[in-house]
Amino acid sequence: EDGIKDFAFKASHTSSCNIIVKDGTIIGHKKCLASNYIYGSLKGKKVTNALLKDQCKKWISRVYSVTEWGYQIVKPSILMEKLIPDAIDFKCYTFDGKTDFVHVDRTNLEMRKTGRAFYDGNTFDIIPTIFDIPTSHPFETPIIDSPQSDYLHKSIIAKAVNLCNHIGIGLDFARIDLMMMAEDSDTVTTELDNEESAITRGGDEDDFYFQVGEITLYPVSGFQIFRPGQAEVHGNNWCLPKNHGPED
């Protein structure tokens, strides 16, 4: 109502609770992932101050979880951010400053994931899918693996991993989410030169930058479904101090 027509509106203390607004209309609405937030979709509605205030009241009325102790002290709050239509979402699985693997999601403005690829945190190579979200999961839809034409160059993955490693120092585990943005989207898209390597379509590392999206301690509330054998491989990186718990 005050002239801001394109923005993202979300809660910082819970999962989802996102609204994407374009030209004053809600084009994407991801409802909160908690049983105490029950209300219909706002997609297609015109944004008003009254509508946003109503969402604020609902979102900050309760904490996200009373069982996941790492979130209990998070103060409920609301964020309003500039809309970034061409961002690519990086999710680093980082163990005390060392990223084991990264998955990269491509998401449209309606917050529907259109592709996913996994990269090794040491070699930065593309790797097979590590986990799935079951189709029975009430809050997710099946995600399509990214085509080879969307694979990213190793230098881009390396830059993301280095940043996640720095952020993750001192945290025994965290999934660190980054958004990559560029002036020209072609600088972050790749083509396969042959079966073993990918090259960027012009540009260099100065043409893009990363912005921190969020840091979460319990991805999918601990219910991530790993492919056979993968849970043990990656779980071996998780080393906890002897006196680890909410009192630390």
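Residues numbered from 1 in each chain as written. Predicted model: local features only at pLDDT ≥ 70, side-chain atom pairs only at ≥ 80, totals over all residues. Heavy atoms only, no water.

Q: Go over the confidence of the model for the chain with me, naming the residues and quoting the values.
A: Overall, the prediction assigns the chain a mean pLDDT of 76, with 71% of residues at 70 or greater. When mean pLDDT is taken per element in the chain, helix α2 (residues 154-167) scores highest with 95 and strand β12 (residues 197-200) scores lowest with 36. Long-range and interchain partners of residues 185-203, a stretch whose pLDDT sits below 50, account for 44 contacts in this model, where long-range means more than four residues apart. (pLDDT = per-residue confidence, 0-100. Helix = DSSP H or I, 4+ residues; strand = E, 2+ residues; numbered from the N terminus. Contact = heavy atoms within 4.5 Å.)

Q: An account of the pattern of salt bridges is requested, with residue identities and associated values reported.
A: Tallied over the full model, the rule gives eight salt bridges. The salt bridge involving K91 is made with D89; its shortest N-O contact spans 3.0 Å. Each member of the salt-bridge network shares a partner with another, and the members are D89, K91, R175 and D177. (Salt bridge = Lys/Arg side-chain N within 4 Å of Asp/Glu carboxyl O.)

Q: Residues and numbers for the nonpolar core, please.
A: Ranked by internal contacts, the top residues of the largest apolar core, which has 22 residues, are F90, V104, L152, I157, M180 and F210. Secondary-structure elements contributing two or more residues to this core are β5 (88-95), β6 (98-107), β7 (113-120), α2, β10 (174-182) and β13 (208-216). The leading source of residues in this core is α2, at six residues. (Core = buried A, V, L, I, M, F, W, Y, C linked by side-chain atoms within 4.5 Å. Buried < 20%, exposed > 50% of the residue type's maximum accessible area, 1.4 Å probe, protein only.)

Q: So what's going on with the environment of D6? Which residues, and what values?
A: Secondary-structure assignment places D6 in the segment before β1 (7-11). Measuring from C-alpha to C-alpha, the distance between D6 and K22 comes to 4.5 Å, with 16 residues separating the pair along the chain. Once residues lying within four places of it in the same chain are set aside, the contact partners of D6 are V21, K22, D23 and L83. In terms of polar contacts, D6 uses its side chain to reach the backbone amide nitrogen of D23, at 2.6 Å. (Polar contact = N/O pair within 3.5 Å; in protein donor to acceptor, adjacent residues only side chain to side chain.)

Q: How would you summarise unusual backbone geometry if you had to cite specific residues and measurements?
A: Residues other than glycine seldom take positive phi values, yet D23 does so here, at roughly 55 degrees. Along the chain, D23 falls in the loop between β2 (18-22) and β3 (25-30). Positive phi values are uncommon outside glycine, yet D96 reaches one of about 45 degrees. You can see D96 is positioned in the loop between β5 and β6.

Q: Quick one: what's the story with the side chain of T94, residue by residue and with numbers?
A: Mapping T94 onto the fold places it in strand β5. Separated by 2.8 Å, the side chains of T94 and T99 make a polar contact. With residues up to four places along the chain from it excluded, the contact list for T94 reads T99, C164, N165, G168, D172, F173, A174 and I176.

Q: Tell me what's going on with the environment of Y119, and back it up with residues and numbers.
A: Relative to the helices and strands, Y119 resides in strand β7. Accessibility expressed as a relative area gives 1% for Y119, which makes it buried. Measuring from C-alpha to C-alpha, the distance between Y119 and K154 comes to 8.9 Å, with 35 residues separating the pair along the chain. Excluding anything up to four places from it in sequence, Y119 contacts F101, V102, V104, F124, D125, I126, I127, D150, Y151, L152 and I157. Separated by 2.9 Å, the side chain of Y119 and the backbone nitrogen of L152 make a polar contact.

Q: I'd like a description of the state of the cysteines, backed by residues and values.
A: Among covalent bonds in proteins, the disulfide is the one between the sulfur atoms of two cysteines. Evaluated as defined, the whole model comprises one disulfide. Sulfur-sulfur distance for the disulfide between C92 and C164 comes to 2.2 Å. Its S-S torsion of approximately 65 degrees makes the covalent link between C92 and C164 right-handed. In this pair, C92 is assigned in strand β5 and C164 in helix α2, connecting sequence segments 72 residues apart. (Disulfide = S-S within 2.5 Å.)

Q: Which residues make up a nonpolar patch on the surface, and what values go with them?
A: A cluster of nonpolar side chains, namely L171, V212 and I215, defines an oily patch on the protein surface of about 210 Å² accessible area. Position of I215 among the secondary structure elements: in strand β13. Classification of I215 as partly exposed rests on a relative accessible area of 40%. (Patch = residues over 30% accessible without salt bridge, like charges linked within 9 Å, V, L, I, M, F, W, Y side chains within 5 Å. Areas by Shrake-Rupley, 256 points an atom, 1.4 Å probe, with all protein chains shown as cover.)

Q: With reference to specific residues and values, describe the sheet that holds β2.
A: Reading across from one edge, β3-β2-β1-β4 is the order of the four strands in this open sheet, with antiparallel pairing throughout. Bordering the open sheet on either side are β3 and β4 (78-82), each of which pairs with just one other strand. Taking the axes of each pair of neighbouring strands and ignoring which way they run, one obtains an average angle of 20 degrees across the sheet. Inspection of the sheet shows β1 paired to β4 by five bridges, in the antiparallel sense. Looking at β4, one finds that F9 is bridged to M80. Running at roughly 25 degrees to β1, helix α1 (residues 49-59) makes contact with β1, β2, β3 and β4 of the sheet. (Pairing = 2+ DSSP bridges. Axes fitted to C-alpha atoms, helices over the stretch in contact; angles between N-to-C directions.)

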